[in-house]
Amino acid sequence: MNKILKEKLKEALSSVLPITLIVLALSITVTPMPVGTVALFLAGALLLIMGMAFFSLGTDMSMIPMGDGIGAQLPKTKKLAVVIGVTLLIGILITIAEPDLQVLAEQVPSIPNAVLIWTVAVGVGLFFVAAMLRTLFKVRLATLLIIFYIAVFLLSVFVPNEFVSVAFDSGGVTTGPITVPFIMALGIGLASIRGDRDAQDDSFGLVALCSIGPILAVLLLGIFYRGGDPGYTPITVPELQDTRQVAAEFVHRLPDYVREVCAALLPIILFCAIFQLVFHRFHRLQMKKIGIGFVYTFIGLAMFLTGVNVGFMPAGYFLGQQLAQSGHSWILLPLGMLIGYFLVTAEPAVHVLNKQVEAITNGGISQRAMMLSLSIGVACSVGLAMLRVLTGISIYWMVLPGYALALLLTFFSPKIFAGIAFDSGGVASGPMTTTFLLPFAMGACEALGGNVLTDAFGVVAMVAMTPLLAIQILGILYKHRRPHEEEAQTGAPAEDEDEIIVLEEGVPHA
């Protein structure tokens, strides 16, 4: 166990170190930061590294095997109503548990937090059911994506502008460190029951569909809900004089995030306990390991949330504000792209997705290729988000052509890459995006005198969009680079081989 934890710590350090160095370099060159803010950021980075390590170890031991077991067990009940009911409940519970959603809800005070959270949770639950039924009944993912995204854009015409960016952001924040491991594992478990040649392809796409549900749900909320004027909660940068005050800030805020993680994980643990009592899926030793994994998950997530909220959020807001006021606001574009390139590597759910992609493709799609594609995609998306902050361009000019191109690429990229790509979009926009990039954009937008709700909000949506293009382009490159050996031998079109289900015989399973 100590060896595995050391490996996780090494992975977390390599992920967080680049963004830490970038922020420190900016703080001593372009945007001098108060010493207290720098100390908060460094302490947050330390907690972030430790939290990611424990969280990653915990999900490997608990969330993934539990999700895999539930996914494999549900279809065996032979009662579709039971499967639908359980899937709906899982979708709602894991969404309420998602910490990113809490952060987004705090930024929209015109809607009570509980109303927004439950609206998003029900949206995820309903589309989780749709995703599960798609896997069981072999419905083509691209068809559903086209139908639902057309519905999204048609519905957005009738929604106040302030709700549109928030709606698209909600689709990204709901697929974070708690949701992704569970949904991905459950999808693999569902696909394993089928056992046909397309099962691996259909194990992806659950996260993609679950990202659409919140968008539609919040758009509907924007049409029918009549609350106060839309607004946002300005971020305050604490003025701290010494290290004792820095430590006190973390100690003061830590209990809040411990309670938040308790409230988030407890329903999932209770559900898993009831599942085990009913189906007896796991033996005693497995349950002990899963229980320890949940403890590690709790510790890691509490440390992670404390680090990013207390240390990273004020630093992101301050940097964005100071860069915008520097007289060279154009620098937001290249620096935003640089930050985005490295920030995605610190998203815990990204590493979960990359490992599962490498495992299910038997090494055909490496973690390195996935990470490089995601980093390039997120860098471009943050650049586009900063362009919106600088110019006030409507989010429609970005998301309409972006999603249209992404949906068009589904007809040319291998099926498995289409599912991975749309899953990656939701995964890339996790806690780091919500607690660093969003405050970064808000600080810059406020300093430039823009409309925060229409110009700064939407950065999460942009981060969720560009990986759809990057991963599918990666799939097309793999497809054309792969020699058509089967076609040459049999004379038949090598359609399945082009889909890169398994690229090489004899590649050891990850």
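In this text, all values refer to a predicted model and were calculated from it rather than measured experimentally.

What the chain contains, in helices and strands, is 23 helices and zero strands. Long-range pairs, those at least 24 residues apart, make up 86% of the contacts in the chain between residues at least 6 apart in sequence. For the chain, the exposed area adds up to about 19800 Å²; of that, 66% sits on carbon and sulfur atoms.

We now examine helix α2 (residues 35–61). The terminal C-alpha atoms of α2, which comprises 27 residues, lie 39 Å apart, in line with the 39 Å expected from a rise of 1.5 Å per residue. Within α2, 19 of the 27 residues are buried, which leaves the element mostly enclosed by the surrounding structure.

Here we come to the nonpolar core. With 161 residues, the main nonpolar core has Ile70, Leu145, Phe168, Phe182, Ile212, Ile268 and Phe436 as its most contacted residues. Looking at which element gives the most residues to this core, the answer is helix α13 (residues 284–324), with 16 residues. With sequence-adjacent residues up to four places away left out, Phe182 is seen in contact with Met63, Met66, Gly67, Ile70, Ile90, Ile94, Ile268 and Cys272. Membership of the second largest hydrophobic core comes to seven residues, among which are Leu5, Met61, Tyr296 and Met303.

The next thing to look at is the pattern of salt bridges. Tallied over the full model, the rule gives three salt bridges. For the salt bridge of Asp60 with Lys8, the shortest nitrogen-to-oxygen distance reads 2.6 Å. Here Asp60 is found in helix α2, whereas its partner Lys8 is found in helix α1 (residues 2–27), with 52 residues between them in sequence. On the basis of relative accessible area, Asp60 is assigned to the partly exposed category, the value being 33%. With relative accessibility at 8%, the residue Lys8 sits in the buried group. Across the salt bridge formed by Asp256 and Arg259, the nearest N and O atoms sit 2.5 Å from each other.

Per the stated rule, a full pass over the model turns up ten aromatic pairs. Seen in terms of ring centroids, Phe41 and Phe312 are 4.6 Å apart; in terms of plane orientation they differ by 40°. Their pairing is tilted. With Phe41 in helix α2 and Phe312 in helix α13, this pair connects stretches of sequence that are 271 residues apart. One aromatic cluster in this structure is built from Tyr149, Phe153, Phe168, Tyr403 and Phe422.

Along the chain, Leu133 turns up in helix α6 (residues 113–137). Along the primary structure Leu133 and Val83 are separated by 50 residues, whereas in three dimensions their C-alpha atoms are 9.3 Å apart.

Turning our attention to the packing of helix α4 (residues 80–96) against α6. In a pair of packed helices, the angle between the axes and the distance between the axes together describe the arrangement. Two numbers describe how α4 lies on α6: the axes approach to 7 Å, and their chain directions differ by 140°. Considered as vectors, α4 and α6 are oriented oblique to each other. Here the hand of the crossing between α4 and α6 comes out right-handed.

As a further point, take the side chain of Thr466. By the element assignment, Thr466 lies in helix α21 (residues 459–481). A polar contact is formed between the side chain of Thr466 and the backbone oxygen of Gly377, at a distance of 2.5 Å.

To continue, consider helix α11 (residues 206–224). End to end, α11 covers 28 Å across 19 residues, agreeing with the expected 27 Å (1.5 Å per residue, within 8%). The buried count for α11 comes to 17 of 19 residues, which makes it a mostly enclosed element.

This paragraph deals with unusual backbone geometry. In this structure, Lys138 is a non-glycine residue whose phi angle is positive, near 60°. Within the secondary structure, Lys138 sits in the loop between α6 and α7 (141–156). Since its relative accessible area comes to 53%, Lys138 is described here as exposed. The backbone phi angle of His280 is positive, close to 50°, even though this residue is not glycine. Among the secondary structure elements, His280 is positioned in the loop between α12 (243–279) and α13.

Considering the arrangement of structural elements, one finds Val389 in helix α16 (residues 367–391). Each C-alpha atom, one on Val389 and one on Glu446, is 9.3 Å from the other, the two residues being 57 residues apart in sequence. In this view, Val389 contacts Ala441, Ala444, Cys445, Leu448, Asp455 and Ala456; residues no more than four positions away in its chain are not counted.

In total, this model carries four cavities of 30 Å³ or more according to the counting rule given. If you add up the space inside the second largest cavity, you get close to 90 Å³. Lining the second largest cavity are 13 residues, and of these Tyr149, Ser211, Tyr403, Gly426 and Ala464 sit closest to its centre. At the level of elements, α8 (161–173), α11, α18 (415–428) and α21 are the ones that each hand at least two residues to the lining of the second largest cavity. Tallied by class, the residues present in the lining of the second largest cavity amount to eight nonpolar, five polar and no charged.

As a general rule, the predicted coordinates of low-pLDDT regions are not to be interpreted in detail. On average, the chain scores 81 in pLDDT, and the residues at 70 or more come to 88%. A low-confidence stretch, residues 494–510 (pLDDT under 50), is modelled with 40 contacts involving residues beyond four sequence positions or located in other chains.

The interhelical angle for the contact between α2 and α13, taken along N-to-C directions, is 160°, at an axis separation of 6 Å. Overall, the two elements α2 and α13 adopt an arrangement that is roughly antiparallel. The two elements α2 and α13 cross, and the hand of that crossing is left-handed. When the residues that make up the contact of α2 with α13 are grouped by side-chain class, the tally is 22 nonpolar, eleven polar and one charged.

By the element assignment, Thr410 lies in the loop between α17 (396–409) and α18. Contact partners of Thr410, with chain neighbours within four places excluded, come to Arg140, Ala142, Ala418, Phe422 and Gln472.

Right, let's talk about the environment of Val115 for a bit. If you trace the backbone, Val115 turns up in helix α6. Contacts of Val115, omitting those with residues within four sequence positions, involve Leu221 and Tyr225.

Analysis parameters
Residues numbered from 1 in each chain as written. Predicted model: local features only at pLDDT ≥ 70, side-chain atom pairs only at ≥ 80, totals over all residues. Heavy atoms only, no water. Helix = DSSP H or I, 4+ residues; strand = E, 2+ residues; numbered from the N terminus. Contact = heavy atoms within 4.5 Å. Areas by Shrake-Rupley, 256 points an atom, 1.4 Å probe, with all protein chains shown as cover. Expected span 1.5 Å × (residues − 1). Buried < 20%, exposed > 50% of the residue type's maximum accessible area, 1.4 Å probe, protein only. Core = buried A, V, L, I, M, F, W, Y, C linked by side-chain atoms within 4.5 Å. Salt bridge = Lys/Arg side-chain N within 4 Å of Asp/Glu carboxyl O. Phe/Tyr/Trp six-rings, centres within 6.5 Å; stacked < 30°, edge-to-face > 60°. Axes fitted to C-alpha atoms, helices over the stretch in contact; angles between N-to-C directions. Parallel < 35°, antiparallel > 145°, perpendicular 65-115°, else oblique. Left-handed = near helix turned anticlockwise from the far one by under 90°. Polar contact = N/O pair within 3.5 Å; in protein donor to acceptor, adjacent residues only side chain to side chain. 1 Å grid on protein atoms, 1.4 Å probe; cavity = no way out; pocket = protein on both sides within 12 Å on 5 of 7 lines; lining within 4 Å. Points joined across faces, edges and corners; volume = space filled by probe spheres on them. Nonpolar A, V, L, I, M, F, W, Y, C, P; charged D, E, K, R; others polar. pLDDT = per-residue confidence, 0-100.

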